[in-house]
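# Structural characterization, general
Listed here are the chains, written in short residue letters.
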Amino acid sequence: MCGTHRTMGIAMMCLLVACLPASPWLSPVVHGPGQAEGRGTEQVHKPRLVLEQADNLEVKEEKDPGARDCTKNGLGGTRDHCAGSNVPRRRKRGWVWNQFFVLEEYTGKEPLHVGRLHSDFDKGDGMIRYTLEGEGAGVAFVIDDHTGDIHAIQSLDREEKAQYTLLARALDRRSNQSVEPASEFVVRVQDINDNEPLFASNLFRASVPEMSQSGTFVIRVTAHDADDPMYGSSAKVVYSLVEGHPYFSVDPETGEIRTTQAGMDREARDHYQVVIQAKDMWGKRGGLTGITTIAVTLTDINDNPPRFTNTTFELQVRESTPVFSTIGRVKTTDADVGENAMVTYNILPSQSAKLFDIITDPDTQEGVIKLAKPLDYEARSVHALRVEAVNTLALRGPARLLAKDEASVRVLVLDSNEPPEFDRRGYEMRVAENVPVGTLVGTVSAKDPDAANIHVSYFIDRQSDLGFMFDINASTGEIRTRDKLDREQEASFNLLLKASEIKDTSQIGQATAVVRVIDVNDNAPEIVPPTDLSICENAYIGEVLHVLSAVDRDEPSNGPIFHFSLTKGTNSNPNFTLQDNLNNTASIISKREHFNRRDVSHYVLPVQVMDSGFPPQANVSLLTLSICKCNSKGIPVVCGTGASHGPAGLSMEALVAILACFLILLVIIVLFLTLRRQQKEPFMLDEDDALDNIISYDDEGGGEEDTEAFDISALQRPENGTAVTSKPREDLEPTILPNGPQKYPPNVVLQQTNDSLDITSFINTRVREADADPGIPPYDSIQAYDYEGVGSVAGSLSSLTSVSCDNEQNYNYLQEWGPRFHMLAQLYRNSEEKFD
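Quick look at the structure, then. Everything numeric in this text was worked out from a predicted model, so none of it was measured.

## Regarding the overall build of the protein
A count of helical and extended segments in the protein gives three helices and 56 strands. For the protein, the residues scored as buried account for 34% of the 836 residues in total. Restricting the contact set of the protein to residue pairs at least 6 apart, pairs at least 24 apart contribute 64%. On the protein, roughly 50,700 Å² of surface is accessible, and the fraction owed to carbon and sulfur atoms is 52%.

## Brief notes about the state of the cysteines
Under the criterion given, the structure shown has two disulfides. A disulfide bridge connects Cys 536 with Cys 630, and the sulfur atoms are separated by 2.0 Å. Given an S-S torsion of about -95°, the disulfide between Cys 536 and Cys 630 has left-handed geometry. You can see Cys 536 sitting in strand β44 (residues 532-536) and its partner Cys 630 sitting in strand β50 (residues 618-630), a full 94 residues away along the chain. For the pair Cys 536 and Cys 630, a shared accessibility class is recorded, and that class is buried. The disulfide that involves Cys 628 links it to Cys 639, with 1.8 Å between the sulfurs. Taking the sign of the S-S torsion, about 105° here, the bridge from Cys 628 to Cys 639 comes out right-handed. Taken together, the residues span a long stretch of sequence, with Cys 628 in strand β50 and Cys 639 in strand β51 (residues 636-639) at a distance of eleven residues.

## Points about helix α2 (residues 759-772)
Compared with an ideal rise of 1.5 Å per residue, which puts 14 residues at 20 Å, α2 spans 20 Å between its outermost C-alpha atoms and is within 8% of the ideal. Residues of α2 that are buried: Ile 759, Phe 762, Ile 763, Thr 765, Arg 766 and Glu 769. Across the axial projection of α2, the buried residues extend over an arc of 160°, all falling on one side. Facing away from the buried side of α2 by over 90 degrees, the exposed positions are Arg 768 and Asp 771.

## Focus on the pairing of strand β17 (residues 203-209)
Alternating positions in β17 separate cleanly, Phe 204, Ala 206 and Val 208 being buried on one face and Leu 203, Arg 205, Ser 207 and Pro 209 remaining unburied on the opposite face. Here β17 runs beside strand β24 (residues 289-299); their pairing, made up of seven bridges, is parallel. Paired with Ser 207 across the strands is Thr 297, a residue of β24.

## A short note on the packing of aromatic side chains
Two aromatic rings are characterised by how far apart their centres lie and by the angle between their planes. In total, this model carries 13 aromatic pairs according to the counting rule given. A ring pair is formed by Phe 576 and Tyr 603, whose centres lie 5.4 Å apart and whose planes are at 75°; its orientation type is edge-to-face. Highlighted residues: Phe 576 in strand β47 (residues 576-580) and Tyr 603 in strand β49 (residues 602-610), separated in sequence by 27 residues. In terms of burial, Phe 576 and Tyr 603 fall into one category: buried.

## Quick notes on the pattern of salt bridges
Charged atoms that come close allow side chains of opposite charge to pair. Considering all chains together, one arrives at 25 salt bridges under this definition. A salt bridge links Asp 149 to Arg 116; the shortest N-O distance between them is 3.9 Å. Of this pair, Asp 149 sits in strand β13 (residues 149-152) while Arg 116 sits in strand β10 (residues 112-119), placing them 33 residues apart in sequence. Here Asp 149 and Arg 116 have matching classes, each one buried.

## Section: a nonpolar patch on the surface
Taken together, the side chains of Leu 659, Phe 662, Leu 663, Leu 666 and Val 670 define a hydrophobic patch exposed on the protein surface, amounting to about 480 Å² of accessible area. Along the polypeptide, Leu 666 turns up in helix α1 (residues 652-677).

## Brief notes about the sheet that holds strand β40 (residues 478-481)
Judged by pairing direction, the sheet is antiparallel, and its three strands sit side by side in the order β36-β40-β39 without closing on themselves. Of all strands in the sheet, those bounded by a partner on one side alone are β36 (440-443) and β39 (470-472). Averaged over all adjacent pairs, the angle separating strand axes in this sheet is 20°, with direction ignored. Looking at chain direction, β39 and β40 are connected through three bridges and run antiparallel. Looking across to β40, one finds that Asp 471 is bridged to Arg 480.

## Remarks on the sheet that holds strand β26 (residues 312-318)
Spatially, the four strands line up as an open sheet ordered β26-β33-β32-β29, and their pairing is mixed. Edge positions in the open sheet fall to β26 and β29 (343-347), since each of these has one partner strand only. Strand-to-strand twist of the sheet, defined as the mean angle between neighbouring strand axes without regard to direction, takes the value 30°. Where β26 meets strand β33 (residues 404-414), seven bridges bridge the pair, whose relative direction is parallel. Note on β33: the bridge partner recorded for Gln 316 is Leu 412.

## So, the environment of Arg 396
Among the structural elements, Arg 396 can be located in the loop between β32 (382-391) and β33. On the accessibility criterion, Arg 396 (48% relative accessible area) is partly exposed. Considered as a pair, Arg 396 and Asn 302 are 94 residues apart in the sequence and their alpha carbons are 5.8 Å apart. The residues touching Arg 396, leaving out its near neighbours within four places in the chain, are Ile 301, Asn 302 and Asp 303.

## A word on unusual backbone geometry
With omega at 10°, the peptide bond leading from Pro 560 into Ile 561 counts as cis. Of the consecutive residues Phe 614 and Pro 615, the connecting peptide bond is found in the cis state with omega at -10°. Considering the arrangement of structural elements, one finds Pro 615 in the loop between β49 and β50. Despite not being glycine, Leu 582 has its phi angle at roughly 60°, a positive value. In this fold, Leu 582 is placed in the loop between β47 and β48 (585-590).

How each quantity is defined
- Residues numbered from 1 in each chain as written.
- Predicted model: local features only at pLDDT ≥ 70, side-chain atom pairs only at ≥ 80, totals over all residues.
- Heavy atoms only, no water.
- Helix = DSSP H or I, 4+ residues; strand = E, 2+ residues; numbered from the N terminus.
- Buried < 20%, exposed > 50% of the residue type's maximum accessible area, 1.4 Å probe, protein only.
- Contact = heavy atoms within 4.5 Å.
- Areas by Shrake-Rupley, 256 points an atom, 1.4 Å probe, with all protein chains shown as cover.
- Disulfide = S-S within 2.5 Å.
- Expected span 1.5 Å × (residues − 1).
- Arc of directions from axis to C-beta.
- Pairing = 2+ DSSP bridges.
- Phe/Tyr/Trp six-rings, centres within 6.5 Å; stacked < 30°, edge-to-face > 60°.
- Salt bridge = Lys/Arg side-chain N within 4 Å of Asp/Glu carboxyl O.
- Patch = residues over 30% accessible without salt bridge, like charges linked within 9 Å, V, L, I, M, F, W, Y side chains within 5 Å.
- Axes fitted to C-alpha atoms, helices over the stretch in contact; angles between N-to-C directions.

What follows is the structure, encoded as structure tokens:
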């Protein structure tokens, strides 16, 4: 130590030589209180670091005058210097200043004196001004610009900042220029024990398996002390157990927590709370403490077997319950949890064990008993089972000897009204084709399985027999043919048979019956087409002209081998012979050297084919052999007396042109007919016409020659009382109705006398005639109902021949024309009254 300086009652320590910053013009000295170099202050003769400002900086230690010794330089190198020897001397240092540690958390009322700077150029006349720059300058530290004293003006916290780097300058007050180069130094904050140890969390969670051995590791917790670990024991922490005895312990140095007891049972207690204390100052008095809590959970192991809640379970199930249905549950308890509580159930072997099955419900771990096979109350009404429960995982610990548990299950079968049951679920029957209708195919049998044994009724589901080919006797179950069977059309039938109780038709049993139709030899073989064959004129004797083959629709047992032959009477054919190849084929062979198509254009050869069925079936086919002129490759060119078998006559271009002309002509004809039949749309007056519903077709007549559209005689008034008949239209051809007379019957359309005219009867007759005639066009047609002019009962309606005044005419006769003219008569009557 180089001395002690006290300011504001605080003991300050000077920096060690090794702590001083390297500066070419600064060296630390220690002055007594109120003393400074150059003012008669006595220097303390201690080793001090001398720094040179020149480029070839040399650092040495100075000793008392007259001393002769060797030392190390401040830069780590060794150089021997003897006192009084002729060696270079450093130039005089620029200034002298003091540096101290600053205690953190200073709470005094006055600023804390840190140190003092002094320059040799300072003669005490106030011409030197000291400044301070760097970290905390002006905020945490201030300097007296006259004396160079440095003070700390605020409380410092080492945990926030452990040291401050400052830059000191000495300036001439008049020129404001540096009298010496600036120097950098460090002020370190000295630590005090002001931080307690802190854990990363106030609560930790840990787990350890139950039944663990003593000393099992649980968790490690550590606390951090923010104080300086390099200074004193403020950051030296030890751990101790506050809560958790006698189950756990903690290592005082590492903070590891371990169990101290073996065999802790989770089922007895599964949670423990451990409180750990961390204390600095090696745990001595005055140290600060921090506390944390560890929640320790004992994890489960499979050390408990399952146990049934009851020793006996009783279940009820109806005999009609479908297979795979759930009929009941059995329950167990297990002190373990999770996968250690998973249970597997088994049904022990017994007489009824195969009727049932048991599985585990993954959610409740209950045993679910299901029906594996149908039950029969009449056969057995009570079933006894033994059920076993065992953990899925292997047990650990002493419980291994009691790993299983058993219980009894009593199943009571309840009677129910069951549908009839066939003695077989599927039948297979055979019947020959072409058998007479009503032939017995087979018999099925079903009975009521209940104790009452009610009679049953049989029937066929017609969805499986859409052709109504079979019938079944409702009482006996006999299946007979209803129609003739043909194997070549349908070889088998799948029938769905049903049986129901007579008293309760809702109870229906089902079975299937496959009826296979047996083939009989009812089809003769046929020559495979074509049967129109051609042969060349230049055929030679023994040449195979054609090879024939046959086909039979019957099964192979009634088909091949086919036998070919010429019919009787043609065996001595001078032109051809038929050779059976004994492989279901036959060859037509020429018996002459040459044929002349101009003499005979073709030959007819009757060939008989017979199958090998029983009884055998035979068929005769007439083969037409046309004589043709062939080319060098044997391809027919001209057959018969001139028929062309090859490209001859018109060219392809000519045929295409003729076809195009024909199509164009056809299109023109169609367009002409369409335009001729097309008629104009009728001009319709407003529908709101209050006087008459007049429809104007705007149809132009064809003149005097147009006498075919309608009968003009219907518009002529007969002079005598004879009946007028309608004349059939000559532009439409009459057709014969299916159940009646011709389309245009000669109906009497008008019965008239000289005194009166039945207009209503005339109109109704014409309407009926139009409705009954489907050939009359529905639009743009004219129906003449009356006429005007000379000879008409209504007289002329033209105003040209009318009298000068309307009131001179009498319109009462309109009332006699029928209801259709009442509106017209009323209009004229109102007009007369208004005129009067």
